[in-house]
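Residue-level structural notes
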Amino acid sequence: MNTIILGLDAFDPQIFENLSAQGKLPALTKFAERHSYARFAVSAPPQSEVSWTSIATGLDPAGHGMFDFVHRNPSNYSMFVSLLPTRQTRLGTEFARPHDSHTLFDEAIQQGYPAASLWWPATFPARLDSPVQQIPGLGTPDIYGRLGVGVGYYFGEAPQRAETKIPVKSLKKKASDSFTGNLAGPAQKKADSAQSASSAFSIIFQDDTHARLTLGKQTVDLALGQWSPILETQFKMGLLVSVHAITRVILTQGLPEPRIYLLPLQIHPLHPMWRYAVPRRFVKEAWRSSGGYLSLGWPQDTTALEENWISDAQFLALCEDIFETRQRVFMHHLTNYREGVLAIVFDTLDRVQHMLRRQRPDIIEAWYTKFDRVAGDVIQRLEQMPAKPQLLVVS
């Protein structure tokens with residue numbers, strides 16, 4: 001049961017085989033030749049949450065119950081996101097597990113081995129009754145309990161867009177180089193109505209393309225077209241109750257009519273409002289070893305790219321950051337690995353191919369070679385381990 005699982009979401013076998021034949025994926029090609037390689041039958045439908053649940057359980061959708069991205073309530077035919085089912089308890093509405101099937105991680109625990117999964121889809125909310133160490137992937141909501149959209153701010157002429165998912169808000173001008181705005185948080189009940197909590201922020205420009213943003217107690221420098229580090233903020237919901245959130249900001253247009261874009265407000269891994277990940281020390285270790293990471297199940301903001309809030313280059317820069325952050329966490333745990341199952345799902349390739357596969361084959365090829373280098377690094381590390389765990393590369 002000593003196994004490392006390297007999950008590569010949307011790693012197309014046809015592209016792999018073509019690049020492998022050209023000698024462009026040396027590490028994975030050598031690994032396949034020394035061991036074995038086979039194509040999987042595709043789940044129906046071929047969606048990430050369905051496929052990865054089948055891989056984790058060894059069951060088809062009829063066995064584990066993840067049939068699609070959207071399910072229907074059989075009692076009233078209302079639709080809900082399959083990754084975020086809810087249930088009623090004495091304390092109110094809470095998130096329920098997307099499925100209850102026995103997984104390979106559960107099997108490892110039953111056999112007396114430790115098990116850890118990083119960013120595996122359909123693993124939110126955390127199972128407090130399980131010793132599996134887990135950071136959830138696809139299906140982790142934002143602080144509003146949704147899959148997450150960001151927010152755009154502008155001063156001057158409003159962005160001209162048709163139907164959009166991303167809310168657009170105006171900045172208030174305080175001086176020629178100073179602007180303010182409000183970030184809306186979760187709804188809080190007041191008397192007979194519900195109002196959104198808010199967190200104010202300010203932007204002061206040093207010149208046309210550089211500014212300093214202050215949100216809550218945190219201040220960061222912004223440069224035109226560059227993502228900020230992770231920002232932490234909180235929304236006061238009542239006496240001694242606050243919701244903590246994280247985001248990143250990008251200045252997309254400078255003076256005289258600035259625009260900024262904020263990623264979806266995400267669960268703070270160290271201060272979660274729901275059962276996010278377990279155990280707590282595992283989450284702290286991931287946060288420390290990575291320097292902080294985005295928690296949303298789909299953090300690569302494809303919606304911002306679709307709606308022209310960010311450019312192709314800015315989207316790819318975000319994807320690179322997410323990939324490198326998760327790689328640091330995985331390599332940290334791999335360095336400390338002794339036995340059991342350690343698994344990670346890298347899902348950034350899926351998002352990049354969603355947006356750029358047709359028009360930018362060069363970028364897609366670069367991502368395949370990137371994963372080949374990661375696989376090569378993992379293979380080299382495993383060869384030096386006394387335990388000699390087996391490696392499973394799966395997509």
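Within every chain, residues take consecutive numbers counted from 1 along the sequence as written. With pLDDT at 70 or above as the cut-off, local features in this predicted model cover only qualifying residues; side-chain atom pairs require 80 or more to be listed or tallied, and sums for whole chains, interfaces and linings still use all residues. Heavy atoms from the whole structure form the basis of all side-chain values; hydrogens and water molecules are not counted.

Our focus in this paragraph is the sheet that holds strand E17 (residues 249-253). A pair of strands is treated as paired once DSSP finds two or more bridges between them. Helix and strand assignments come from DSSP, with helices taken as H or I runs of at least 4 residues and strands as E runs of at least 2, each series counted from the N terminus. Pairing is mixed across the open sheet formed by four strands, whose spatial order is E9-E8-E18-E17. Looking at which strands have only one partner, the edges of the open sheet turn out to be strand E9 (168-170) and E17. Each strand axis lies, on average, 25° off the axis of its neighbour in the sheet, ignoring direction. Axes, fitted as lines to C-alpha atoms, cover a helix only where it is in contact. Angles between the N-to-C directions of the axes lie from 0 to 180 degrees.

Read across the open sheet, the three strands follow the order E15-E16-E19; overall the sheet is antiparallel. Because the sheet does not close on itself, it has two edges, and the strands there are strand E15 (231-238) and strand E19 (266-267). Strand direction decides the pairing type here: strand E16 (residues 241-247) and E19, joined by two bridges, are antiparallel. When the sheet's bridge partners are listed, Ile246 is paired in E19 with Gln266.

Once that is clear, we can look at the packing of aromatic side chains. Classification of ring pairs uses Phe, Tyr and Trp, with its six-membered ring standing for Trp, and accepts pairs whose centres are within 6.5 Å; under 30 degrees between planes counts as stacked, over 60 as edge-to-face, and the remaining range as tilted. In total, this model carries 20 aromatic pairs according to the counting rule given. Relative to Trp274, the ring of Phe95 lies with its centre 5.0 Å away and its plane at 85°, an arrangement referred to as edge-to-face. With Phe95 in strand E5 (residues 92-95) and Trp274 in the loop between E19 and helix H6 (280-290), this pair connects stretches of sequence that are 179 residues apart. Feature note: the residues Phe11, Phe16, Tyr37, Phe323, Phe330, Phe346, Trp367, Tyr368 and Phe371 constitute an aromatic cluster, connected by ring pairs. Distance and angle both matter: a charge sits over a ring if NZ of Lys or CZ of Arg is within 6 Å of the ring centre and within 35 degrees of the ring normal. Over the face of the ring belonging to Trp367 we find Lys370, whose NZ or CZ atom lies 4.8 Å from the ring centre.

Here the amide bond leading from Ala44 into Pro45 is cis, since omega sits at 0°, within 30 degrees of zero. Tracing the backbone through its elements, the reader meets Pro45 in the loop between helix H2 (26-34) and helix H3 (48-57). Following Val278, the chain continues into Pro279 via a peptide bond in cis, with omega recorded as -15°. Unusually for a residue other than glycine, Ala10 sits at a positive phi of about 65°. Structurally, Ala10 is set in the loop between strand E1 (3-8) and helix H1 (13-21). The phi dihedral of Ala122 is positive, around 60°, even though this residue is not glycine. Locating Ala122 in the fold gives a position in the loop between strand E6 (115-120) and strand E7 (133-136).

Before going further, it helps to examine the packing of helix H8 (residues 312-335) against helix H10 (residues 361-383). Interaxial distance between H8 and H10 falls to 12 Å at its minimum, and their mutual angle equals 10°. As the angle between them shows, H8 and H10 are arranged roughly parallel. Judged by residue contacts, Leu316, Cys319, Glu320, Phe323, Gln327, Phe330, Met331, Leu334 and Thr335 of H8 engage Ile363, Trp367, Lys370, Phe371, Val374, Asp377, Val378, Arg381 and Leu382 from H10. Of the residues contributing to the contact of H8 with H10, the split by class is twelve nonpolar, two polar and four charged. When describing relative orientation, an angle under 35 degrees is termed roughly parallel and one over 145 degrees roughly antiparallel, while 65 to 115 degrees is termed roughly perpendicular and anything else oblique. Working rule for contacts: check all heavy atoms of both residues, and any pair within 4.5 Å makes them a contact. Polar here means any residue other than Ala, Val, Leu, Ile, Met, Phe, Trp, Tyr, Cys and Pro, which are nonpolar, and Asp, Glu, Lys and Arg, which are charged; Gly is therefore polar.

Topologically, Arg351 is positioned in helix H9 (residues 348-356). Between N or O atoms, a polar contact is any pair within 3.5 Å; within protein, one atom must be a potential hydrogen donor and the other a potential acceptor, and residues adjacent in sequence are included only when both atoms are from side chains. At 2.8 Å, the side chain of Arg351 and the side chain of Asp350 are in polar contact. Residue contacts for Arg351: discarding those within four places in its chain leaves Asp9, Leu138, Gly297, Trp298, Gln300, Thr302 and Phe315.

Salt bridge, as applied in this entry: a Lys or Arg side-chain nitrogen positioned within 4 Å of an Asp or Glu carboxyl oxygen. Counting across every chain of the model gives 17 salt bridges. Among the ionic pairs, Asp129 bridges to Arg127, the shortest N-O distance being 4.0 Å. When salt bridges with common partners are traced through the structure, they connect Asp9, Arg326, Asp347, Asp350 and Arg351 into a single cluster.

To continue, consider H9. For H9, the tally of buried residues reaches eight of nine residues, placing the bulk of the element in the interior. Buried residues are those whose accessible area, probed at 1.4 Å on protein chains only, stays under 20% of the maximum for their type, while exposed residues exceed 50% and partly exposed ones sit between those limits. Listing the buried residues of H9 in full gives Thr348, Leu349, Asp350, Arg351, Val352, Gln353, Met355 and Leu356. In this fold, the buried residues of H9 make contact with H1, H3, helix H7 (302-306), H8, strand E20 (341-346) and H10.

So, on to the nonpolar core. Leu118, Ile135, Tyr261, Phe330, Leu334, Val352 and Trp367 are the most contacted members of the largest nonpolar core, which has 68 residues in total. Not counting residues up to four positions away in its chain, the partners in contact with Trp367 are Leu316, Cys319, Glu320, Phe323, Thr348, Leu349 and Val352. Residues belong to a common nonpolar core when they are buried Ala, Val, Leu, Ile, Met, Phe, Trp, Tyr or Cys residues joined through side-chain atoms within 4.5 Å. Formed by 24 residues, the second largest nonpolar core is a distinct cluster that contains Val151, Ala197, Val220 and Leu222.

By themselves, these figures tell us nothing about what the structure is for.
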